[in-house]
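# Report on the structure
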Amino acid sequence: MEFSEKIVQLEKYSPISYLDHKLTSWGRMLCDIENKESYTSNYAVIYRNENIDDIIKEVEEYYNSRNIIPKIFNRCGSVELNILMPFFIKHDYAIREFDMDLMSFDTHNIRNKTAEKVEIKIINHALEGQEYNLAIEQDNGETYGIKLLNKQIASGNNMFFAYDEFKKPVSMALAEKYNDVVYISDVYTTPLKRCKGYGMAVVNAVISHYNNSLIYLYTDNPDAASIYRKLGFSGERLGSWWAVKGSLPEWCRE
């Protein structure tokens, strides 16, 4: 099975224990009723090009009943935007298009020497202290991200942190493991410590920890994609998009 096909199967059918979710004949809907502002945990994915009007109606009923703005997101294997666009226009959805890389790990990676010298900690409990502050910094002081991270950790996933010479956490990443596949997200380095090997160190730590797994991630940052390639990842460029009922929220205009 090709890498991208394996990711499609994983994202279509793997349970996400830390979120409310509904698997359907056409895709999936994810929901975090206690964290409604988290766009990364409240969206639907459409995988089948059949009865799109009915699918959008089902999406809207699901999220409206939970007082959450309906959102549909593109993931690997989704129905293409050019097919969905007439339906989105008809149902009053605003669209944001952007490019994104689906990165997979090549086991013959070359590690960065600077990264090997960085202190790394793996945390499997609710974030607090300086680690909590770094996670909050990633979302410009908002709390929806840390709420989701703590749910992900509580469900058995690990956070990886890299520390500077003052023992302060400066870079982080979340690793979610599903059988032999690991999904990396929330990769973040505080601005003053970028380009110093910390981001490479924290991702390299994930790779070392899950050394018999297929590892993948998404990024819409070309500079980040370049770093991942240096670590041994290969990339597949995807045209991605968000479809949001009504108007685009601020996070979706950036």
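An account of the accompanying structure is given in this report. (Residues numbered from 1 in each chain as written. Predicted model: local features only at pLDDT ≥ 70, side-chain atom pairs only at ≥ 80, totals over all residues. Heavy atoms only, no water.)

This paragraph deals with the layout of surface pockets. Size it by volume and the second largest pocket reaches roughly 210 Å³. As for the second largest pocket, its lining consists of 16 residues, of which N74, R75, G77, S78 and L238 are closest to the centre. Contributing elements (two or more residues each) for the lining of the second largest pocket: helix 1 (3-13), helix 3 (81-90) and strand 11 (233-245). Tallying contributions element by element places strand 11 first for the lining of the second largest pocket, with 4 residues. Here the lining of the second largest pocket is built from residues that sort into 6 nonpolar, 6 polar and 4 charged. (1 Å grid on protein atoms, 1.4 Å probe; cavity = no way out; pocket = protein on both sides within 12 Å on 5 of 7 lines; lining within 4 Å. Points joined across faces, edges and corners; volume = space filled by probe spheres on them. Helix = DSSP H or I, 4+ residues; strand = E, 2+ residues; numbered from the N terminus. Nonpolar A, V, L, I, M, F, W, Y, C, P; charged D, E, K, R; others polar.)

Position of N74 relative to the elements: it lies in the loop between strand 4 (71-73) and helix 3. Overall, the relative accessible area of 7% leaves N74 in the buried class. Reaching out from N74, the side chain makes a polar contact with the backbone oxygen of G239 at a distance of 3.3 Å. Here N74 is in contact with G239, S240 and W241, once residues within four sequence places are set aside. (Buried < 20%, exposed > 50% of the residue type's maximum accessible area, 1.4 Å probe, protein only. Polar contact = N/O pair within 3.5 Å; in protein donor to acceptor, adjacent residues only side chain to side chain. Contact = heavy atoms within 4.5 Å.)

With respect to the helices and strands, S234 occurs in strand 11. Judged by its relative accessible area of 38%, S234 is partly exposed. Between the C-alpha atom of S234 and that of L102, which follows or precedes it by 132 residues, the distance is 8.4 Å. Contacts of S234, omitting those with residues within four sequence positions, involve L102, M103 and S104.

Turning to the state of the cysteines, a few remarks are in order. What the rule picks out here adds up to 0 disulfides. Sulfur of C31: no disulfide; nearest cysteine sulfur belongs to C252 and is 18 Å away. For C31, a relative accessible area of 0% translates into the label buried. (Disulfide = S-S within 2.5 Å.)

Another aspect to go through is the packing of helix 2 (residues 52-64) against helix 3. Helix-helix packing is characterised by the crossing angle of the two axes and by the distance between the axes. Viewed as axis vectors pointing N to C, helix 2 and helix 3 meet at an angle of 55°, and their least axial separation amounts to 10 Å. In this view, helix 2 runs oblique relative to helix 3, as classed from their interaxial angle. For the pair helix 2 and helix 3, the sense of crossing is right-handed. For the pair helix 2 and helix 3, contact is made by I52, D53 and I56 and by L84, F87, F88 and K90, respectively. Classifying every residue of the contact of helix 2 with helix 3 gives 5 nonpolar, no polar and 2 charged. (Axes fitted to C-alpha atoms, helices over the stretch in contact; angles between N-to-C directions. Parallel < 35°, antiparallel > 145°, perpendicular 65-115°, else oblique. Left-handed = near helix turned anticlockwise from the far one by under 90°.)

When we look at burial in helix 3, the residues that qualify are L81, L84 and F88. Summarising the axial view, the buried residues of helix 3 lie within an arc of 70°, below the 170-degree limit, and thus occupy one face. Turned more than 90 degrees away from the buried face of helix 3 sit N82, I89 and K90, all of them exposed. At its buried positions, helix 3 is contacted by strand 3 (43-46), helix 2, strand 4, strand 5 (93-105) and strand 11. Where helix 3 terminates, the next one or two residues include D92, which has phi positive at roughly 65°. (Arc of directions from axis to C-beta.)

Let's shift gears to the nonpolar core. Membership of the largest hydrophobic core comes to 28 residues, with the highest contact counts inside it found for I7, L102, Y216, Y218 and W242. Counting only elements with at least two residues in this core, the list comes to helix 1, strand 3, strand 5, strand 9 (181-189), strand 10 (214-219) and strand 11. If we skip the residues at most four places from it in the chain, L102 touches F3, C76, Y216, L217, Y218, S234, G235, E236 and L238. Within the second largest apolar cluster, 26 residues are counted, among which are V203, I215, A225 and F233. (Core = buried A, V, L, I, M, F, W, Y, C linked by side-chain atoms within 4.5 Å.)

Here the focus is the packing of aromatic side chains. All told, the structure shown has 16 aromatic pairs when counted by the stated rule. Each ring, one from Y39 and one from Y144, has its centre 6.0 Å from the other, and the planes form 55°; the classification is tilted. One end of the pair, Y39, is in the loop between strand 2 (27-31) and strand 3; the other, Y144, is in helix 6 (residues 144-154), and 105 residues separate them in sequence. Taken together, a centroid distance of 5.0 Å and an interplanar angle of 80° make the contact between W242 and W251 edge-to-face. For W251, a relative accessible area of 21% puts it in the partly exposed group. Put simply, the rings of Y39, Y43, F73, Y144, W242 and W251 touch in pairs and so form one group of aromatic residues. The ring centre of F98 lies 4.6 Å from the NZ or CZ of R96, which sits over that ring. When the ring centre of Y163 is taken as reference, the NZ or CZ atom of K121 above it lies at 5.0 Å. (Phe/Tyr/Trp six-rings, centres within 6.5 Å; stacked < 30°, edge-to-face > 60°. Lys NZ or Arg CZ within 6 Å of the ring centre and 35° of its normal.)

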